[in-house]
Every structure is written in C-alpha cells, then in structure tokens.
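Chain and residue survey
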Amino acid sequence: MTEATMVEPIELLPNGLDSILSEAHERLRAIPETLSRYEALAAAARVQQDLSNRLSATVYAHVNSRPGNRLACGPGCSTCCHMPSDIGGGKSFRLSLLDIVMLLEAEEVINRSVADAVGRAVDSVERARAGGTVACPYLDSSGQCGIYEVRPVPCKIWFSRDLAACVRNRDAGYAQGGVNPDTAASNDLLRQFEEPFEAFVRDRAPMYPYRAEFDFLRIFAYAGKISEAGLTEVQKQKVDEGDLVNQHRTLTLYRRRRLTRGFLVSGCPGSA
C-alpha cells in the first residue's frame with residue numbers, strides 16, 4: 001500500500017441525512033399536481049439544488065473541523081473536473097434528469113458566466129473522441145467553475161482528502177475507477193440524497209429514467225447548442241411531451257437554424 005492510499009475512510013456526515021431527506025420529502029410533496037410535467041421537474045430541480053448546496057456545505061464543515069482531516073477540495077482545485085467521456089470509450093459519470101432540467105433553467109446564468117459556453121462544450125466533445133480525459137467546458141482559465149452554484153449534483157457531493165490520489169487517478173485516465181479514500185462514502189451519500197428525487201421523477205415523469213444514458217459532456221454540448229439556436233423553450237415543451245430522450249427533432253431544428261446562418265457544427269452530442 002502506497003503512502004497516498006493510507007488516508008483512512010471517515011464518515012462524511014456522521015449524523016446522517018435524516019433532516020435533509022425529511023425536508024426533501026416535504027418540499028417535493030408540496031409541488032402542485034396542477035403543474036405541467038416540465039414545471040414540476042423544474043420545481044424539483046430547484047429543491048435538489050438548494051438542498052445539495054446545504055449538504056455539501058455541511059460535509060465541508062464537519063470534515064474540516066476534525067483534527068488531522070481536511071478536504072483537499074477547494075477554490076482553484078479542478079482535478080476531478082478533468083474526466084473521461086463515453087464519447088471516447090471512457091467511463092463517465094451520468095447526469096440525472098433533474099440536472100439536465102437545471103441546465104435548461106440556468107441557461108441565462110451559464111451564458112452570462114461562461115465565455116463562449118457553446119463553443120467550449122462542442123470543442124470538448126470533439127476532443128473527447130480521441131479518448132483520455134477532457135476538462136469540463138465550464139472551467140475558466142484559473143480552474144474555477146463558471147457555474148458553481150448551479151453545477152450538477154454529483155459535482156457537489158464528491159469529496160476527497162487526498163489530492164495526490166485524485167491527481168494520480170486523473171493522469172491515469174481513471175483506469176482504476178477514480179478511487180480516493182472518500183469515493184465510497186461520497187457515492188453512498190449521493191445515492192441516499194437522490195432517493196426522494198428519483199421517486200419524484202418516477203411518479204411525475206415515469207417515461208424518463210432518472211439517470212441512464214445522460215453522459216455529462218454530451219448533455220453540456222446539447223444544452224449549449226439548443227440555447228444558441230434559441231430552442232430552449234422548444235426543449236422544455238418536449239419534456240412535457242415525453243420526448244426528452246429522443247433528441248432527433250430538436251437537433252434537426254438546431255441544424256436548420258445553423259445552416260440558415262451559413263455554418264453547421266457537426267457531431268451533435270445526441271447522435272454521437
């Protein structure tokens with residue numbers, strides 16, 4: 001066993017998730033049945049974002065208060081933001097349906113906060129085809145997250161006290177699964193936190209999987225493309241129609257609008 005793997009696992013949240021999960025259930029039950037499918041999912045996504053921010057802050061405060069322990073995660077550290085994508089045959093993390101809805105809801109924030117968000121996302125898809133790790137297109141030049149407050153939930157609930165292990169895993173292309181001493185605890189915390197939201201999606205949008213084929217990089221590029229083409233409201237309507245997973249028609253509209261402007265970006269993420 002190397003020195004980098006000697007950091008012992010700890011409980012990231014020893015008092016459990018009871019209070020946060022209880023609030024999640026209460027707020028999800030309060031979402032009116034009269035809302036459209038998309039409106040209900042958007043309301044659930046806002047609840048999820050709010051509570052995941054609170055959960056993340058609670059874990060940071062707890063771990064950093066323990067003698068001899070401190071999370072390596074901090075401003076400017078973007079090691080885990082360099083990831084493989086299944087576009088290049090790598091093992092990638094998946095966004096949930098509510099993460100995707102949040103990207104649609106946060107369209108203005110993303111476009112205002114990240115310079116050339118669409119171009120960066122499309123370029124990342126092209127670079128991912130060569131394999132290896134790819135930097136998240138929402139990172140700025142200093143390694144700061146441009147969409148920090150509305151970043152996907154898996155980004156919020158991922159922790160490590162061993163930067164060396166993170167760097168080693170990144171440089172190896174996560175060939176060993178990207179393990180650090182807190183991987184299992186992070187994944188378990190995420191799974192528990194998402195349970196009420198997954199149940200909500202099953203109830204209010206049963207035609208959609210909560211998390212399945214939604215590779216992060218494909219979705220970032222897709223959301224950027226439809227935003228650039230002014231099709232975000234069309235996509236929201238498609239969610240109501242049960243047509244989110246089949247992206248063909250929206251991407252066809254995207255291509256047509258790009259062609260009318262005299263240029264076309266190939267390799268749409270929905271068809272990759």
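Scroll up a little and you will see the structure.
Now for a look at the structure at hand.

So, about the overall build of the chain. When its secondary structure is counted, the chain shows 11 helices and 2 strands. Listed N to C, the secondary structure of the chain is α-α-β-α-α-α-β-α-α-α-α-α-α in terms of helices and strands. The burial tally for the chain puts 47% of its 272 residues in the buried class. Residue pairs in contact within the chain that sit at least 24 positions apart in sequence constitute 77% of those at least 6 positions apart. Of the roughly 13000 Å² of accessible surface on the chain, a fraction of 51% belongs to carbon and sulfur atoms.

The next subject is the packing of helix H2 (residues 37-64) against helix H10 (residues 232-240). Interaxial distance between H2 and H10 falls to 7 Å at its minimum, and their mutual angle equals 105 degrees. By the angle class used here, H2 and H10 are roughly perpendicular. Packed against H2, whose contacting residues are Arg37, Tyr38 and Leu41, the element H10 presents Lys236, Val239 and Asp240 at the interface.

What follows deals with the packing of aromatic side chains. Per the stated rule, a full pass over the model turns up 4 aromatic pairs. Residues Phe193 and Phe197 carry aromatic rings whose centres are separated by 5.3 Å and whose planes lie at 45 degrees to one another, so their mutual orientation is tilted. Of the two residues, Phe193 and Phe197 are both situated in helix H8 (residues 183-204); the distance of 4 residues between them amounts to about one turn of the helix. Judged by centre distance (5.9 Å) and plane angle (85 degrees), the ring pair of Phe216 and Phe220 falls under edge-to-face. Of this pair, Phe216 and Phe220 both sit in helix H9 (residues 216-228), 4 residues apart, roughly one helical turn. Side by side, Phe216 and Phe220 carry an identical accessibility label, which is buried. Linked through ring pairs, Tyr138, Phe216 and Phe220 together constitute an aromatic cluster. The lysine or arginine in question, Arg151, covers the ring of Tyr148, its NZ or CZ lying 3.7 Å from the ring centre.

Let us now look at the nonpolar core. Ranked by internal contacts, the top residues of the largest apolar core, which has 66 residues, are Leu41, Leu55, Leu189, Phe193 and Phe197. Those elements giving two or more residues to this core turn out to be helix H1 (18-29), H2, helix H3 (97-105), helix H5 (117-128), H8 and H9. Residues contacting Leu55, with those up to four places away along its chain left out, are Leu13, Leu17, Ile20, Ile157, Leu189 and Phe193.

Conventions and cut-offs
- Residues numbered from 1 in each chain as written.
- Predicted model: local features only at pLDDT ≥ 70, side-chain atom pairs only at ≥ 80, totals over all residues.
- Heavy atoms only, no water.
- Helix = DSSP H or I, 4+ residues; strand = E, 2+ residues; numbered from the N terminus.
- Buried < 20%, exposed > 50% of the residue type's maximum accessible area, 1.4 Å probe, protein only.
- Contact = heavy atoms within 4.5 Å.
- Areas by Shrake-Rupley, 256 points an atom, 1.4 Å probe, with all protein chains shown as cover.
- Axes fitted to C-alpha atoms, helices over the stretch in contact; angles between N-to-C directions.
- Parallel < 35°, antiparallel > 145°, perpendicular 65-115°, else oblique.
- Phe/Tyr/Trp six-rings, centres within 6.5 Å; stacked < 30°, edge-to-face > 60°.
- Lys NZ or Arg CZ within 6 Å of the ring centre and 35° of its normal.
- Core = buried A, V, L, I, M, F, W, Y, C linked by side-chain atoms within 4.5 Å.

Bear in mind that shape data such as this cannot, by itself, settle questions of function.
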